[in-house]
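Observations on the three-dimensional arrangement
Residues per chain are reported as follows:
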Amino acid sequence: MKATNHTLSKRLWALLLALSLLLALAACGAQSGDAPSDTDEQGASSGDAEDAGGAAEDAQPEDPEQSDAAGGQTDTTYSLIQNVYNWGSSYSAIILPVSGGADAADPSVYTVSVQRFDTAGELLDEGERTVTGAYLSDAAGAESADGGYVTLTMEVAANLSAGSPYYTDPNTFLGALKSWADCQYTVTNSATGETWNELDTVYHPDEEGFQTDVFSDGDISIPYAFYAPAEDGESHPLIVWLHGQGSGGTDIGFVTGGMLVTNWITEESQEIFGGAHVLLPQAETQWLDDGSGSGYSADGSSIFTAPLMALIEDYLDSHPDADPNRIYLAGCSNGGFMAVNMALNYPGYFAAIVPVCEAYTDEWISDEQIEALASTPTWFVHCSNDPVVDVTTTSVPTYERLLAAGAENLHYSTYETITDPDSGFEYNGHFAWVYALANLCSTDYDGSPVMVDGQEVSLFEWMAAQSK
């Protein structure tokens with residue numbers, strides 16, 4: 001038993017030693033044989049990490065300060081400036097909160113795009129606005145080196161719909177009135193990666209001189225804007241301007257920004273009149289509306305005739321310095337219709353009338369009315385190729401009848417085309433109001449200059465010289 005046990009013991013130790021050697025070799029094999037697989041896997045992971053790191057670095061601006069500016073942007077809002085031009089309004093500038101210094105005013109780094117939607121959310125048009133300049137400013141767009149904002153000026157033009165705040169809405173009265181377009185801007189800075197895409201506010205610097213109110217007469221309400229000169233103890237004339245069809249409705253902004261009515265209140269124009277009140281009424285439908293349901297007058301009547309006169313009288317009552325002997329009534333298209341309508345219904349009331357591309361059919365005017373109108377100083381403005389209002393059935397025959405009736409203070413500025421005085425753009429021939437509101441009319445029907453007391457005068461100068 002002892003010999004046998006000893007032999008078993010030796011064998012057991014041999015087996016244990018062999019097992020130890022095998023385990024040791026297995027351990028070495030695991031470290032030497034399996035290591036390449038682990039190394040390859042780790043290498044792939046490491047390579048992915050380097051690639052991701054490289055891509056992340058590529059996505060960052062090279063300048064750490066630019067990275068901070070982009071990463072730290074919290075205000076993505078913008079504001080717009082709406083200015084009034086010969087043709088009407090355009091968004092002319094966009095104001096951005098910025099964190100950079102003078103280099104933030106580099107116009108070349110900005111891209112401005114816009115999408116315009118109608119009131120139903122349907123896309124009207126889209127495009128890129130051309131940036132024409134940039135300057136450091138305050139929040140309202142006034143130049144300021146430390147105001148915290150940059151203002152980008154943008155190209156504007158009569159035929160640039162992308163810049164317009166309005167569109168002609170087919171769902172409005174007769175499908176002819178304006179509605180506000182939902183203009184959604186996106187501005188990017190290619191140098192910093194900053195983006196602005198949330199509208200804050202819209203500034204209307206050209207229209208700020210007007211106050212607004214609503215006048216009611218029976219069932220008819222007339223929104224209106226007005227400008228009152230500073231009180232100086234003197235009396236001042238009253239200019240009443242009647243808008244065209246597209247500016248009808250209940251938003252007076254369509255009137256103050258719809259065409260160049262702001263020229264009535266510029267320093268230059270006000271100086272011509274010695275300070276003038278300006279009244280801008282708005283027809284909810286259109287001045288031509290006779291209440292029949294068609295939207296158009298069949299005989300020259302209008303549902304707005306009496307309410308408009310009531311508004312004028314109310315304005316005179318509330319502004320004692322407005323001279324009732326110097327009321328000048330002017331208007332374009334269906335507003336020109338209304339200027340003639342008012343003069344016929346209130347003969348001798350107005351010191352002068354200025355019907356521009358007027359739509360009052362001459363056949364509606366009786367000989368007796370022509371005789372009465374002949375004593376009212378009148379200046380017609382019309383384009384001979386007007387595609388909307390036929391001059392041969394409106395202003396021309398009325399002018400000729402007034403001339404035959406002995407009208408002495410009668411003038412007619414006629415044009416073959418209407419061209420923008422600043423850009424040279426040729427408008428539709430119906431746009432004769434561009435010349436009238438810009439005070440560019442100065443010639444009579446035969447091309448001779450209009451004279452007052454031996455001096456050549458412009459339209460505004462002639463108006464200012466009239467008094468009952």
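Structure shown above.
Reference entry: report on the structure contained in this document. The structure presented is a predicted model; accordingly, all values stated were derived computationally and were not measured. (Residues numbered from 1 in each chain as written. Predicted model: local features only at pLDDT ≥ 70, side-chain atom pairs only at ≥ 80, totals over all residues. Heavy atoms only, no water.)

Within the protein chain, the secondary structure is distributed over 11 helices and 21 strands. Across the 468 residues in the protein chain, those meeting the buried criterion constitute 46%. Intrachain contacts of the protein chain at a sequence separation of at least 6 include 68% that bridge at least 24 residues. A total of about 22,200 Å² of accessible surface is found on the protein chain, and carbon and sulfur atoms cover 49% of it. (Helix = DSSP H or I, 4+ residues; strand = E, 2+ residues; numbered from the N terminus. Buried < 20%, exposed > 50% of the residue type's maximum accessible area, 1.4 Å probe, protein only. Contact = heavy atoms within 4.5 Å. Areas by Shrake-Rupley, 256 points an atom, 1.4 Å probe, with all protein chains shown as cover.)

This part takes up helix α9 (residues 395–404). Side chains that are three or four residues apart share a direction in an α-helix, a result of its 3.6 residues per turn. Looking at α9, one finds that the buried residues are Ser395, Val396, Pro397, Thr398, Tyr399 and Leu402. Buried residues along α9 sit against α8 (367–373), β18 (378–383) and β19 (410–415). Within two residues after α9, Gly406 carries a phi angle of roughly 95 degrees, on the positive side.

Buried residues dominate strand β1 (residues 77–85), accounting for seven of its nine residues. Sheet topology places β1 next to strand β2 (residues 88–97); seven bridges connect them, and they run antiparallel. Looking at β2, one finds that Ile81 is bridged to Ala93. (Pairing = 2+ DSSP bridges.)

Scanning the entire structure with this criterion turns up 28 aromatic pairs. A ring pair is formed by Tyr360 and Trp364, whose centres lie 5.3 Å apart and whose planes are at 85 degrees; its orientation type is edge-to-face. What makes Trp364 partly exposed here is its relative accessible area of 23%. Judged by centre distance (5.3 Å) and plane angle (85 degrees), the rings of Phe425 and Tyr427 are edge-to-face. The exposure class of Tyr427 is buried, given its relative accessible area of 6%. Aromatic rings pair up to connect Trp241, Trp264, Phe273, Tyr328 and Phe460 into one cluster. Sitting above the plane of the Tyr166 ring, Lys178 keeps its charged end 5.8 Å from the centroid. Directly above the aromatic system of Tyr349 lies the positively charged group of Lys468, at a separation of 5.3 Å from the ring centroid. (Phe/Tyr/Trp six-rings, centres within 6.5 Å; stacked < 30°, edge-to-face > 60°. Lys NZ or Arg CZ within 6 Å of the ring centre and 35° of its normal.)

Evaluated as defined, the whole model comprises zero disulfides. This cysteine, Cys357, is not joined by any disulfide, and Cys332 carries the nearest cysteine sulfur, 5.3 Å off. Of all cysteine sulfurs in the structure, the one in Cys357 sits closest to Cys383, which takes part in no disulfide; the separation is 9.4 Å. Since its relative accessible area comes to 0%, Cys383 is described here as buried. (Disulfide = S-S within 2.5 Å.)

Turning our eyes to something else, we now look at unusual backbone geometry. Unlike most non-glycine residues, Cys357 shows phi in positive territory, near 40 degrees. With respect to the secondary-structure elements, Cys357 resides in the loop between β17 (352–356) and α8. The backbone of Asn439 sits at a positive phi, close to 60 degrees, despite the residue not being glycine. Relative accessible area serves as the criterion here: at 18%, Asn439 is assigned to the buried category.

Pairing in this open sheet of five strands is mixed, and the strands run β5-β6-β2-β1-β11 from one edge to the other. If you trace the sheet from one side to the other, it starts and ends with β5 (131–137) and β11 (198–203), each paired once. Strand-to-strand, the axes of this sheet are offset by a mean angle of 30 degrees, without reference to chain direction. (Axes fitted to C-alpha atoms, helices over the stretch in contact; angles between N-to-C directions.)

Relative to the 20 Å expected for 14 residues at 1.5 Å per residue, helix α6 (residues 305–318) spans 20 Å between its end C-alpha atoms, a close match to the ideal helical length. When we look at burial in α6, the residues that qualify are Thr305, Pro307, Leu308, Met309, Leu311, Ile312, Tyr315 and Leu316. Looking at the buried positions of α6, the neighbouring elements they touch are β12 (211–217), β13 (220–227), β14 (236–242), β15 (277–281), β16 (322–332) and α7 (334–345). (Expected span 1.5 Å × (residues − 1).)

Here we come to the sheet that holds β17. Across the sheet, which stays open at both edges, the eight strands sit in the order β12-β13-β15-β14-β16-β17-β18-β19 with mixed pairing between neighbours. The sheet is open, and its two borders are formed by β12 and β19, each paired with just one other strand. Averaged over all adjacent pairs, the angle separating strand axes in this sheet is 20 degrees, with direction ignored. Pairing geometry for β14 and β16, over six bridges, is parallel. Pairing of Trp241 across the sheet is with Ala330, part of β16. Strands in contact with α7 are β14, β16 and β17; relative to β16, the strand with the most contacts, it is inclined by about 140 degrees.

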